[in-house]
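# Fold and geometry: a report
Chain residues, written in single-letter form:
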Amino acid sequence: MSPISLTQFLIEEKRAGHVDPDLRLLIEVVARACKRISIAIGKGALGGVLGEAGTGNVQGEAQKKLDVLSNEILLEANAWGGHLAACASEEMEEPQPIPDAYPKGNFLLLFDPLDGSSNIDVNVSVGTIFSVLRCPDGVAVPTAEHFLQPGTAQVAAGYCVYGPSTLLVLTVGHGTHVFTLDREVGSFVLTRRDVRIPEETSEFAVNASNQRHWEAPMQRYVADLLAGKDGPRGRDFNMRWVASMVADVHRIITRGGIFTYPLDAKCKAKGGRLRLMYEANPMALIVEQAGGAASTGRERLLEVRPTALHQRVPVFLGSKQEVDTAVRYHREADTGT
Ligand code: FDP
């Protein structure tokens, strides 16, 4: 059978009634922007794209040159297509309206242009994460409040991981699918349809250097994992931490596992470390559509009611039974049952 391109896949999804025609074109535009980011990353030092940009983002974090470049590529690619009402980026304080020169559409696009940016300069996988919402009816010029919709309202979500190969992982609410960039042809090709995350796992991902700052249920949960077959879990667990959410989540999409960035004393005042709208929600939809689960530890992630565009949340996602177990540790600590 001949390979199925992203374009063909999306046309089939449209015929099946799974994707709106404008959303199909919007996803193609985002995928094209990701190809450009992939090319820039692939050039590395030869393209002069490594190192600090010398600027800071809305979160107060130092920006890398590739953070800035990836943001510009996504903004420029999405300005003229006519499918969007506005974009919001992890790198920008306020949403970016569509310039007056171009027609406006009905969708809102959110993205983390370059996730895992501490890994850029050491040649380790980084990625782009995106989420698509509908613009509320009757809103001509969307502002931040129009983006504040729960993750269940997402009509599409995806990420690109720029690793040894460039992959696009996509859901339009009917399963999670993986596409590999054929660099010679310049096209994304379907390489895994309807991914399923194993329900059970013996692998976890966490930044263990934060251990002394964790809350009690997280301390107990990880202590029991580390106790291995001699502890209450009765089996040994392995640990992995790439420190690029896209790469850690992609491992889980591929072979199962649990990814956690819990609440800790350092990030408690901010509500967590990872961003709800640009990281947690899109990843939660992708993972749920692959049969996994995603929680804050106390609530289904997709049901969190956002109160701010750059809101942060604790994250537990991956193999369903393991996420349920982590949630149980929190419930037991909170309720004593
Ligand atoms: P980064 O700040 O490098 O963009 O988005 C936040 C994130 O990376 C995630 O991709 C990653 O999982 C996490 O932060 C890494 O956090 P640590 O620095 O605590 O390891």
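Since the structure is predicted, the reported quantities are computational estimates derived from the model, not experimental observations. (Residues numbered from 1 in each chain as written. Predicted model: local features only at pLDDT ≥ 70, side-chain atom pairs only at ≥ 80, totals over all residues. Heavy atoms only, no water.)

### Some thoughts on the side chain of R233
Mapped onto the elements, R233 comes out in the loop between α5 (216-226) and β12 (238-239). By relative accessible area, which is 17% here, R233 ends up buried. Of the polar contacts made by the side chain of R233, one reaches the side chain of E322; its length is 2.7 Å. (Helix = DSSP H or I, 4+ residues; strand = E, 2+ residues; numbered from the N terminus. Buried < 20%, exposed > 50% of the residue type's maximum accessible area, 1.4 Å probe, protein only. Polar contact = N/O pair within 3.5 Å; in protein donor to acceptor, adjacent residues only side chain to side chain.)

### Some remarks on the UniProt feature "domain: Fructose-1-6-bisphosphatase class 1 C-terminal" (unreviewed entry) in the protein
Feature annotation in UniProt places "domain: Fructose-1-6-bisphosphatase class 1 C-terminal" (unreviewed entry) on residues 197-330, given in this structure's numbering. Structurally, residues 197-330 is divided into 35% helix and 15% strand, and its ends, taken at the C-alpha atoms, are 23 Å apart. (UniProt positions renumbered as here; feature names shortened; annotations may be inferred.)

### Side note on the environment of P314
By secondary structure assignment, the location of P314 is in the loop between β16 (312-313) and β17 (315-318). Residues P314 and G51, spaced 263 residues apart in sequence, show a C-alpha to C-alpha distance of 29 Å. Setting aside chain neighbours within four positions, we find P314 in contact with Y261, P262, L263, G271, G272, S295, T296 and L301. (Contact = heavy atoms within 4.5 Å.)

### Considering the domain arrangement of the protein
When the domains of the protein are assigned, the result is domain 1 (4-194) and domain 2 (203-335). For domain 1 versus domain 2, the separation of C-alpha centres amounts to 24 Å. Listed per partner, the contact involves 48 residues of domain 1 and 33 residues of domain 2. For the pairing of domain 1 and domain 2, the buried interface totals around 2900 Å² over both sides, and the portion due to carbon and sulfur atoms is 61%. Contact with domain 2 buries surface across domain 1, with I129, L148 and Y159 losing the most and accounting together for 19% of the total. There are one salt bridge connecting domain 1 and domain 2. E90 is the salt-bridge partner of R275, the closest N and O atoms lying 3.8 Å from each other. (Domains from an automatic or database assignment. Buried area = accessible area lost by both parts, 1.4 Å probe. Salt bridge = Lys/Arg side-chain N within 4 Å of Asp/Glu carboxyl O.)

### A few points about the UniProt feature "binding site: Mg(2+) 2" (unreviewed entry) in the protein
What UniProt calls "binding site: Mg(2+) 2" (unreviewed entry) maps, in this numbering, to D112, D115 and E279. The greatest C-alpha distance among the residues just named is 8.6 Å, despite their covering 168 residues of sequence, which places them together in space. Checked against the element boundaries, D115 lands in strand β5 (residues 107-115). What makes D115 buried here is its relative accessible area of 5%. When residues no more than four places from it in sequence are discounted, the contact partners of D115 are V126, G127, I129, S244, M245, V246 and E279. Of the polar contacts made by the side chain of D115, one reaches the backbone nitrogen of M245; its length is 3.1 Å. The contacts of E279, once residues within four sequence positions are left out, are E90, D112, D115, I129, M245 and L274. Among the polar contacts listed, one links the side chain of E279 to the backbone nitrogen of R275, at a separation of 2.7 Å.

### What about the side chain of R275?
As for its placement among the helices and strands, R275 is situated in strand β14 (residues 274-275). For R275, the residues in contact, after removing those within four places along its chain, are Q59, E61, E90, A280, H310, Q311 and R312.

### Quick notes on the site of the ligand
Around the ligand sit 15 residues, and of these G116, N207, M245, Y261 and E279 come closest. One of the backbone N or O atoms of G116 is found 2.9 Å from an oxygen atom in the ligand. Measuring from an oxygen atom of the ligand, one finds a side-chain N or O atom of W241 at 3.0 Å. Burial of the ligand by the protein amounts to 85% of the accessible area it has alone, namely 460 Å². When contributions to the shell around the ligand are tallied by element, the ones reaching two or more residues are β13 (258-261) and β14. Looking at the shell around the ligand residue by residue, the classes come out as six nonpolar, five polar and four charged. Split by domain, the shell around the ligand shows at least three residues from each of two domains, domain 1 (4-194) and domain 2 (203-335). (Near = heavy atom within 4 Å. Areas by Shrake-Rupley, 256 points an atom, 1.4 Å probe, with all protein chains shown as cover. Nonpolar A, V, L, I, M, F, W, Y, C, P; charged D, E, K, R; others polar.)

### Re the pattern of salt bridges
Applying the stated criterion to the full structure yields 19 salt bridges. A salt bridge links R220 to E332, with the shortest nitrogen-to-oxygen separation between them at 3.2 Å. Remark: E332 occurs in helix α8 (residues 320-335) and R220 occurs in helix α5; sequence separation between them is 112 residues. You can call E332 partly exposed: its relative accessible area is 22%.

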